[in-house]
Amino acid sequence: MEILSNKETASYERAAKRVKELKEFYGNLTSFCIVIPFLAFLNLMTAPGYLWFLWPMLGWGIGVAFHAINVFGMGKNWEEKKIRELMEEEREKTKTL
């Protein structure tokens, strides 16, 4: 069995966390894409005069959007990436001096 260094272990844990976040987001999105059309169908078959399915679609859609922002945009991963980027810039500056 291969023994990982602390740096490799930390890197592995970050990657595993990222995969978990992506899996949760895609699960949420998949559920949204299955449930909302079902609700729309149910609504249109039972009470086409009032489009109540729009309310859960709006609420859940906002949740999916915020989930996407957290996973792909301005979440904690963004902070970590920015910190690493700034640290790398600082290392490059010290190398040139």
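Residues numbered from 1 in each chain as written. Predicted model: local features only at pLDDT ≥ 70, side-chain atom pairs only at ≥ 80, totals over all residues. Heavy atoms only, no water.

Engineer: Would you mind going over the overall build of the protein chain in detail, with residue names and values included?
Structural biologist: A tally of regular secondary structure across the protein chain gives 3 helices and 0 strands. A compact globule built from 97 residues would reach a C-alpha radius of gyration of about 13 Å, whereas the protein chain, at 22 Å, exceeds it by more than 25%. With respect to the three principal axes, the spread of C-alpha positions in the protein chain is 70 × 40 × 15 Å. Expressed as a percentage of its 97 residues, the buried residues of the protein chain come to 12%. Sequence-distant contacts in the protein chain: of pairs separated by 6 or more residues, those separated by 24 or more amount to 66%. (Helix = DSSP H or I, 4+ residues; strand = E, 2+ residues; numbered from the N terminus. Rg over C-alpha atoms; globule rule 2.2 N^0.38 Å. Buried < 20%, exposed > 50% of the residue type's maximum accessible area, 1.4 Å probe, protein only. Contact = heavy atoms within 4.5 Å.)

Engineer: Lay out a nonpolar patch on the surface in plain terms, naming residues and giving numbers.
Structural biologist: A cluster of nonpolar side chains, contributed by Y50, W55, L58, I62, F66, I69, M74 and W78, occupies part of the molecular surface with about 930 Å² of accessible area. If you trace the backbone, Y50 turns up in the loop between α1 (6–46) and α2 (54–72). (Patch = residues over 30% accessible without salt bridge, like charges linked within 9 Å, V, L, I, M, F, W, Y side chains within 5 Å. Areas by Shrake-Rupley, 256 points an atom, 1.4 Å probe, with all protein chains shown as cover. Salt bridge = Lys/Arg side-chain N within 4 Å of Asp/Glu carboxyl O.)

Engineer: I'd love a proper account of the pattern of salt bridges, names of residues and values included.
Structural biologist: Under the counting rule described, the total for this entry stands at 4 salt bridges. Between E21 and R18 there is a salt bridge, and its shortest N-O distance comes to 3.8 Å. Of this pair, E21 and R18 both sit in helix α1, separated by 3 residues, roughly a single helical turn. Note that E88 is salt-bridged to R91, the shortest N-O span being 2.7 Å. A residue pair is termed a helical-turn pair when its members lie 3 or 4 positions apart in one helix, as E88 and R91 do in helix α3 (residues 76–96) at 3 residues. Judged by its relative accessible area of 35%, E88 is partly exposed.

Engineer: Explain the nonpolar core residue by residue, including any values.
Structural biologist: F25, F32, I36, L39, A40, F53, V64 and V71 together form the largest nonpolar core, which totals 8 residues. When sequence neighbours within four positions are dropped, the list of residues in contact with F25 reads V64, H67, A68, V71 and F72. (Core = buried A, V, L, I, M, F, W, Y, C linked by side-chain atoms within 4.5 Å.)

Engineer: Explain α1 to me, and be specific about the residues and the numbers.
Structural biologist: An ideal rise of 1.5 Å per residue puts 60 Å on 41 residues; α1 measures up with 59 Å between its terminal C-alpha atoms. Of the positions making up α1, those classed as buried are E21, F25, F32, I36, L39, A40 and N43. (Expected span 1.5 Å × (residues − 1).)

Engineer: I'd like a description of the side chain of N43, backed by residues and values.
Structural biologist: Topologically, N43 is positioned in helix α1. Take N43: its relative accessible area is 0%, and that puts it in the buried class.

Engineer: Break down the packing of α1 against α2 for me, with residues and values.
Structural biologist: Packed helix pairs are specified by the crossing angle of their axes together with the interaxial distance, meaning the distance between the axes. Running from N to C, α1 and α2 point in directions that differ by 160°, and their axes come no closer than 10 Å. Between α1 and α2, the crossing angle belongs to the class labelled roughly antiparallel. Taken as a pair, α1 and α2 cross one another with a handedness that is left-handed. Broken down by class, the residue content of the contact of α1 with α2 amounts to 15 nonpolar, 4 polar and 3 charged. (Axes fitted to C-alpha atoms, helices over the stretch in contact; angles between N-to-C directions. Parallel < 35°, antiparallel > 145°, perpendicular 65-115°, else oblique. Left-handed = near helix turned anticlockwise from the far one by under 90°. Nonpolar A, V, L, I, M, F, W, Y, C, P; charged D, E, K, R; others polar.)

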